[in-house]
Amino acid sequence: MSAELAPLATWIGEARWFGGKGREWTLTGVRRVGELPDAPDGVHVAIEVAEVSFTDSSTGSGHAAETAETELYQVPLAYYREPQDRIAHALVGEWDDPDFGHSWVYDAVHDREAMGLWLTAFAGGESASRGELAFHRLPGHDLDLEAHSTLFSGEQSNSSVAFGEDALMKVFRKVTPGVNPDIAIHQVLTEAGSTHVAALYGWLDLVDDETNTTIQLAMLQQFLRTASDGWDLALASVRNLFAEADLHADEVGGDFAGEAARLGTALAEVHTDLAAHFPVEERDAGAIDGLAGAMEERLDAALVVVPDLAPHADRLRATYAALRALDAVEVQQVHGDLHLGQTLRTARGWKIVDFEGEPAKPLAVRLKPDSVWRDVAGMIRSFDYAPRVVSLTGLGPDAPDAGQRDYRAAEWSARNRAAFVEAYTAQRGRDLDRTAAVLLDAYIADKVVYEAVYEARNRPGWLSIPLAALVDHPGRDA
Ligand SMILES: Nc1ncnc2c1ncn2[C@@H]1O[C@H](COP(=O)(O)OP(=O)(O)O)[C@@H](O)[C@H]1O
Ligand SMILES: O=P(O)(O)O[C@H]1O[C@H](CO)[C@@H](O[C@H]2O[C@H](CO)[C@@H](O)[C@H](O)[C@H]2O)[C@H](O)[C@H]1O
C-alpha cells in the first residue's frame, strides 16, 4: 500500500457520505484526475477519484440490483507544504506525494482557499477546463467571487458548499460514469422556468477521452437564501402538537396541513414539467412483473441485513403480488428519493432539491422512468417518520406518555398525508384510482424495506421507525 492509501482509507471509511458502511472493503486505488487552476505557491488542489473494492457479497448492501464489486468516490484534496491550523479538523494525513512533495493533505471542501479556486474556475466556464476537467456554465447569473465558502454540516450523501448567499456547490461523492440525474433534471427544470427548484448555474465533468466516458463531479446552483428545511418545519409542528396535550392536530398553532397541501401542489407541478421534457412511457405486464420482482429481490436482500423484517415478509410479498397483477403502468422521470429533507420552504413557496435518486442505486437504474407514485410514497413515509422521530428523540419534560404519543403521531401523519395526496391529485387532475392505490401501497412497502436497511446501516437507533410502519400496514389509509 502506498503512503497515502492508509490514511485515506481510514478517512473515507469514517465519512458520512461513504456508502460502504457495514461492508468489507479495501481502498484499491486513487487516481488524480485534475488540479484546479491558478493555485498560489505552496498549495495544490487536486481532484482525485478513489476506488473502493468490496470483498463481501454484492447483495450485502440490501440492493439486489447493485452488482458492482467496486465503487468510485470523489475526494478533492488540498495539498499544503506547511500545516494549516485553520483547517486542522479537516486533515486527512501527511505524506510524500510524487507530484507535490512532502504535504499536509486536507479535505478540500473545508478549505476556503481551495473552494475560492473552484468558484473562480466555474466563473471562467469552458475556458477554465483543462486536462480531463471540463467546467460548464448556464447563462443568466454572475457569480459573486468575493463570497466565502461554508461547508454544510448535517447528514448528507454528498458535500455541499455555500458561497455566501449567492451559490451552492454540490460535490458528488459516490460517482459513476454517465449522466447524473441531479444535474440533468435541474438543467431541464431551470430551462423550463420551474419555480420549484433552485436554478442551475453550472456543472463540472470529468471527461476521459480514452474510454469515451464522462463522470459528473459537481454542480453549482442558486443558493436559496430564505429557505427553511421542510423536515425541520415538520418536526417543529409535531413538537407543537405534543406540547398541547388537549388539542388535536387541526387545532394547534403549528398545524402543517396547509404546508403539506402546498407541497403536494408543488410536486404535481414538477411532475407535469418533467413529463413535458422527458419521455412518458407505458409499462406492460412484463415490465410490471420485473418491477415487482425487483421489489421482492430487494426484500430478500434486506432480510439478510435486517432479520426483524421476517415476520412481515409474507404481507410485503402480498403487496408486491397485487402490483404484479396490474395490466399497465405509466412511467416518467421522477425525483426517486423524495422525503421532507429534500424540500425547502422559501418566501416564494416550496422548492424540491436533490434529484439524484436513491444514492445506493446505480445511475442507469436511477435514470429509468418510474411511476410518480414512488415520489408520493416517499413523502408519505416522511410524514410517518417526523412524529416518530420526535417521539424517539425530541421530548420535553411535559411530554405525553408513549401511548398518547403514538396516537398523536398517527393523527399528525394521517392528516398531513391526506392533505398532501389530495392537493397532488387535484393539481394533476387525476383520481387516486385502484391502480394508483396498488402502486402507492407497493412503493410505500418498498421504501419501508429500503429504510430498514438504511437505518440498520446508518442509524440503528431509528430502525424501530420503519419496523413500526410494518406493524401497522405499510400502505394504510393511503
Ligand atoms: N439551493 C439550495 N440553497 C440552499 N440550501 C440548499 C439548496 N439545495 C440544498 N440545500 C440544503 O442542502 C442540504 C443537502 O442538499 P442535498 O441536495 O439533499 O444533498 P445530498 O445529495 O448530500 O443529500 C439540503 O437538506 C438543504 O437543506
Ligand atoms: O437525503 P438522502 O438522499 O441522503 O436520503 C437518504 O437519507 C435519508 C435520511 O436523511 C433517508 O430518509 C429517511 O429518513 C428521513 C428522516 O431523516 C425521513 O424523512 C425519510 O422519510 C426516511 O426515508 C432516505 O431514505 C435515504 O435515501
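- Per an unreviewed UniProt entry, the protein chain is named Maltokinase, and its organism is Nocardioides oleivorans.
- One UniProt comment on the protein chain, placed under Subunit (unreviewed entry), says "Monomer."
- UniProt's Pathway (unreviewed entry) comment on the protein chain is quoted here verbatim: "Glycan biosynthesis; glycogen biosynthesis."

1. Points about the overall build of the protein chain
- Helix and strand counts for the protein chain stand at 12 helices and 17 strands.
- Relative to a compact globule of 478 residues, whose C-alpha radius of gyration would be 23 Å, the protein chain shows 23 Å and is just as compact.
- Overall, the protein chain is about 65 × 50 × 45 Å in size when its C-alpha atoms are taken along their principal axes.
- Evaluated residue by residue, the protein chain yields a buried proportion of 54% over its 478 residues.
- Restricting the contact set of the protein chain to residue pairs at least 6 apart, pairs at least 24 apart contribute 71%.
- As presented, the protein chain carries roughly 19,800 Å² of accessible surface, and 50% of it is formed by carbon and sulfur atoms.
- In the protein chain, which carries 41 positive and 76 negative side-chain charges, the distance between the mean positions of the two groups comes to 4 Å.

2. What about the domain arrangement of the protein chain?
- When cut into domains, the protein chain gives domain 1 (5-222) and domain 2 (228-469).
- The straight-line distance from the C-alpha centre of domain 1 to that of domain 2 is 29 Å.
- If you look at the interface, domain 1 gives 34 residues, while domain 2 gives 32 residues.
- Summing both sides of the interface, domain 1 and domain 2 together bury roughly 2,800 Å²; the carbon and sulfur share of this comes to 59%.
- Where domain 1 packs against domain 2, one counts one salt bridge.
- D354 is paired through a salt bridge with K170; the nearest N and O atoms lie 3.0 Å apart.
- Among the elements that take part in the side of domain 1 that touches domain 2, helix α3 (residues 181-191) stands out by supplying seven residues, more than any other.
- When the residues that make up the side of domain 1 that touches domain 2 are grouped by side-chain class, the tally is 12 nonpolar, 15 polar and seven charged.

3. Some remarks on the pairing of strand β8 (residues 159-163)
- With five of five residues buried, β8 is to be regarded as a mostly interior element.
- Of the two faces of β8, the one holding S159, V161 and F163 and the one holding S160 and A162 are both buried throughout.
- Bridging between strand β7 (residues 149-151) and β8 involves three bridges; their strand directions are antiparallel. In the sheet register, L151 faces β8, and the bridge partner there is V161.
- Alignment of β8 against strand β9 (residues 167-171), held across five bridges, turns out to be antiparallel.

4. Here we look at the sheet that holds strand β12 (residues 213-222)
- Ordered in space as β6-β11-β12-β9-β8-β7, the six strands form an open sheet in which the pairing is antiparallel. At either margin of the open sheet sits one strand with a lone partner, and together these are β6 (133-137) and β7. This sheet shows a mean twist of 25° between the axes of neighbouring strands, independent of strand direction.
- Sheet contacts for helix α2 (residues 112-124): β6, β7, β8, β9, β11 (200-208) and β12; angle to β6, the most-contacted strand, approximately 65°.

5. Here's the deal with the pattern of salt bridges
- By the definition in use, this model includes 28 salt bridges.
- Notably, a salt bridge pairs R324 with D289, separated by 2.5 Å at the nearest N-O pair. In this pair, R324 sits in helix α7 (residues 313-324) while D289 sits in helix α6 (residues 285-305), placing the two residues 35 residues apart along the sequence.
- The salt bridge partner of E451 is R381, with a shortest N-O separation of 2.9 Å. On the criterion of sequence distance, the pair formed by E451 in helix α11 (residues 434-458) and R381 in helix α9 (residues 372-393) is long-range, its members being 70 residues apart.
- For R381, a relative accessible area of 3% puts it in the buried group.

6. Considering the site of ligand 1
- What surrounds ligand 1 is a group of 17 residues, the closest being N158, K170, Q222, L224 and D354.
- Within the side chain of K170, a nitrogen or oxygen atom sits 2.7 Å from an oxygen atom of ligand 1.
- Contacts to ligand 1 include D354, whose side-chain N or O atom sits 3.0 Å from an oxygen atom.
- At the level of secondary structure, the elements contributing two or more residues to the shell around ligand 1 comprise β9 and β12.
- When grouped by side-chain class, the residues that make up the shell around ligand 1 number seven nonpolar, seven polar and three charged.
- Here the shell around ligand 1 gathers at least three residues from each of two domains, domain 1 (5-222) and domain 2 (228-469).

7. Overview of the packing of aromatic side chains
- Enumeration over the complete set of coordinates arrives at 15 aromatic pairs.
- Summarising the aromatic geometry, the rings of F256 and W350 are spaced 6.4 Å apart at their centres and angled 75° between planes, so their arrangement reads as edge-to-face. Pair noted here: F256 is in the loop between α4 (230-243) and α5 (257-277) and W350 is in strand β17 (residues 349-352), with a separation of 94 residues, a long-range link. The same class applies to F256 and to W350, which are both buried.
- Within the aromatic cluster, the residues linked to one another by ring pairs are W11, W17, F18, W25 and Y73.
- Stacked on the ring of F54, the Lys or Arg R23 has its end atom at 4.0 Å from the ring centre.

8. As for the nonpolar core
- By size, the foremost hydrophobic cluster in this structure holds 74 residues, and its most contacted members are L323, W373, V376 and F420.
- A per-element tally of this core places α11 first, with 12 residues.
- If you count residues domain by domain, this core takes at least three from each of domain 1 (5-222) and domain 2 (228-469).
- The next biggest cluster of nonpolar side chains, apart from the first, holds 45 residues, and it includes L36, A114, L117 and L143.

About the criteria used
- Residues numbered from 1 in each chain as written.
- Chains lettered and ligands numbered in written order.
- Predicted model: local features only at pLDDT ≥ 70, side-chain atom pairs only at ≥ 80, totals over all residues.
- Heavy atoms only, no water.
- UniProt positions renumbered as here; feature names shortened; annotations may be inferred.
- Helix = DSSP H or I, 4+ residues; strand = E, 2+ residues; numbered from the N terminus.
- Rg over C-alpha atoms; globule rule 2.2 N^0.38 Å.
- Buried < 20%, exposed > 50% of the residue type's maximum accessible area, 1.4 Å probe, protein only.
- Contact = heavy atoms within 4.5 Å.
- Areas by Shrake-Rupley, 256 points an atom, 1.4 Å probe, with all protein chains shown as cover.
- Lys, Arg positive; Asp, Glu negative; His and termini not counted.
- Charge placed at Lys NZ, Arg CZ, Asp CG, Glu CD.
- Domains from an automatic or database assignment.
- Buried area = accessible area lost by both parts, 1.4 Å probe.
- Salt bridge = Lys/Arg side-chain N within 4 Å of Asp/Glu carboxyl O.
- Nonpolar A, V, L, I, M, F, W, Y, C, P; charged D, E, K, R; others polar.
- Pairing = 2+ DSSP bridges.
- Axes fitted to C-alpha atoms, helices over the stretch in contact; angles between N-to-C directions.
- Near = heavy atom within 4 Å.
- Polar contact = N/O pair within 3.5 Å; in protein donor to acceptor, adjacent residues only side chain to side chain.
- Phe/Tyr/Trp six-rings, centres within 6.5 Å; stacked < 30°, edge-to-face > 60°.
- Lys NZ or Arg CZ within 6 Å of the ring centre and 35° of its normal.
- Core = buried A, V, L, I, M, F, W, Y, C linked by side-chain atoms within 4.5 Å.

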